[in-house]
Amino acid sequence: MLAAAHVNVHYLLILLLPSVAACIVLALTWRSRIKRRHEADAEQRRRAATPRGSAKSRNSAKSRNSAAKPRGGSSAKRPRR
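Reference entry: report on the structure contained in this document. (Residues numbered from 1 in each chain as written. Predicted model: local features only at pLDDT ≥ 70, side-chain atom pairs only at ≥ 80, totals over all residues. Heavy atoms only, no water.)

Our focus in this paragraph is the overall build of the protein chain. When its secondary structure is counted, the protein chain shows two helices and zero strands. The buried share of the protein chain, taken over its 81 residues, is 0%. Total accessible area on the protein chain stands at roughly 8400 Å², and carbon and sulfur atoms take up 61% of it. (Helix = DSSP H or I, 4+ residues; strand = E, 2+ residues; numbered from the N terminus. Buried < 20%, exposed > 50% of the residue type's maximum accessible area, 1.4 Å probe, protein only. Areas by Shrake-Rupley, 256 points an atom, 1.4 Å probe, with all protein chains shown as cover.)

What follows concerns the pattern of salt bridges. Under the defined criterion, the tally for this structure stands at two salt bridges. Notably, a salt bridge pairs E43 with R46, separated by 2.1 Å at the nearest N-O pair. Of this pair, E43 and R46 both sit in helix α1 (residues 2-49), three residues apart, which is roughly one turn of that helix. Owing to a relative accessible area of 28%, E43 belongs among the partly exposed residues under this scheme. The exposure class of R46 is exposed, given its relative accessible area of 51%. (Salt bridge = Lys/Arg side-chain N within 4 Å of Asp/Glu carboxyl O.)

This is the structure:
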């Protein structure tokens, strides 16, 4: 009876240990995936919170003004008299 119980325990260990190890690996993978997702969401929220619209409007206004006005300035060559 004891010998049979001993064999059964060994078979249970042989069958249960791989499944327990697989569950642990799955849990760790799931946890790291959730952690990465939270970090990505935080990064996205942080990017959305930065005021980029004002910089875009300034750049587009600057490009519109430069297109309307002729280029020139203190460094521009002037015709000699």
